[in-house]
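One-letter residues, chain by chain:
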Amino acid sequence: DKPVRLNRGQTDPLDLRPRQKFDSVPVVSIPHSAFRIPHSAFRNQMVAPNTAKLTGPSPEARWTLSFASGYLDLGMLEKAEKEFAKLPPEEHHRPEALALAGRVLMARQKWEEALKLFAIGRVLYPDTSDFYVQAAIAYEKTERFLESKKMWELVPRPIRQSGLAHFNLARCEAKLGNLGA
């Protein structure tokens, strides 16, 4: 009983047909200046043309994001960035891609760049809690506890009503010296 290994792009574990090889995809690194696009330019160039189709990422993009996220979780930043670079440009505007790019910036301790990216994500996808949570963590890492508290207060409802938000709000209050709150 060996575990079934899925090929990249394969969505059904029972479909074991050989898939196209991805070895020919060029690996390029994404310059951090790419995250410094002004909000209006980003919205007009990347998001507006794609808002008509509200579908999720393609299966290939999901696999790429999954691999990049796994590498990032394991602390393999270079591999995560290389995997993220394989993501087609038309997929970069999706919330999953924006959140992952922000997590990579946080892992590189580029807090201000990550906060800018999370701000763009909050404007484009206000119901996606990941942008609020990650921004709160980034604010906390830069010892800006008031801003972190505000992010926890603004997080969308399901998270805001959870113990995670209450616990972190209490932590922020304690860091701000409000031990009675």
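Residues numbered from 1 in each chain as written. Predicted model: local features only at pLDDT ≥ 70, side-chain atom pairs only at ≥ 80, totals over all residues. Heavy atoms only, no water.

A. Layout of the packing of aromatic side chains. For the coordinates displayed, the defined rule picks out three aromatic pairs. With 5.6 Å between their ring centres and 45 degrees between their planes, W63 and F67 make a pair best called tilted. Pair noted here: W63 and F67 are both in helix 2 (residues 59-73), with a separation of four residues, about one helical turn. Taking 6.4 Å as the distance between ring centres and 55 degrees as the angle between the ring planes, the aromatic pair formed by F118 and F131 counts as tilted. In this pair, F118 sits in helix 5 (residues 111-124) while F131 sits in helix 6 (residues 129-141), placing the two residues 13 residues apart along the sequence. (Phe/Tyr/Trp six-rings, centres within 6.5 Å; stacked < 30°, edge-to-face > 60°. Helix = DSSP H or I, 4+ residues; strand = E, 2+ residues; numbered from the N terminus.)

B. Structural detail: the side chain of E91. Relative to the assigned elements, E91 resides in the loop between helix 3 (77-85) and helix 4 (95-107). When its relative accessible area of 8% is taken as the criterion, E91 is described as buried. Beyond its immediate stretch of four places on either side in the chain, E91 contacts P57, S58, A61 and A97. (Buried < 20%, exposed > 50% of the residue type's maximum accessible area, 1.4 Å probe, protein only. Contact = heavy atoms within 4.5 Å.)

C. Just the environment of L176, in detail. As for its placement among the helices and strands, L176 is situated in the segment after helix 9 (163-175). Residue class for L176 comes out partly exposed when judged on its relative accessible area of 34%. On a C-alpha basis, the gap between L176 and E143 in space is 10.0 Å, while along the polypeptide they are 33 residues apart. Excluding its chain neighbours within four sequence positions, the residues that come into contact with L176 are F145, L146 and K149.

D. Examining helix 9 more closely. Taking 1.5 Å as the rise per residue, helix 9 with 13 residues should run 18 Å; its terminal C-alpha atoms sit 18 Å apart, in good agreement. Regarding helix 9, the residues found buried are A165, N168, L169, C172 and E173. What you see down the axis of helix 9 is that its buried residues fit within an arc of 145 degrees, all on one side. Residues of helix 9 that are exposed and point over 90 degrees away from its buried face: G163, F167 and K175. As for helix 9, its buried residues are in contact with helix 7 (145-154) and helix 8 (157-160). Phi for G177, located one or two positions after helix 9, is positive at around 90 degrees. (Expected span 1.5 Å × (residues − 1). Arc of directions from axis to C-beta.)

E. Molecular detail of the packing of helix 5 against helix 6. Two numbers describe how helix 5 lies on helix 6: the axes approach to 9 Å, and their chain directions differ by 155 degrees. Taken together, the axes of helix 5 and helix 6 are roughly antiparallel relative to one another. Of the two possible hands of crossing, helix 5 and helix 6 adopt the one that is left-handed. In contact with W111, L115, F118, G121 and R122 of helix 5, helix 6 contributes F131, Y132, Q134, A135, A138, Y139 and K141. (Axes fitted to C-alpha atoms, helices over the stretch in contact; angles between N-to-C directions. Parallel < 35°, antiparallel > 145°, perpendicular 65-115°, else oblique. Left-handed = near helix turned anticlockwise from the far one by under 90°.)

F. Region of interest: the pattern of salt bridges. In total, this model carries nine salt bridges according to the counting rule given. A salt bridge links R103 to D73, with the nearest nitrogen and oxygen atoms 2.4 Å apart. Taken together, the positions of R103 in helix 4 and D73 in helix 2 put the pair 30 residues apart, joining distant regions of the chain. Among the ionic pairs, R108 bridges to E78, the shortest N-O distance being 3.4 Å. Of this pair, R108 sits in the loop between helix 4 and helix 5 while E78 sits in helix 3, and the two are 30 residues apart along the sequence. Because the salt bridges share partners, they merge into one network encompassing E78, E81 and R108. (Salt bridge = Lys/Arg side-chain N within 4 Å of Asp/Glu carboxyl O.)

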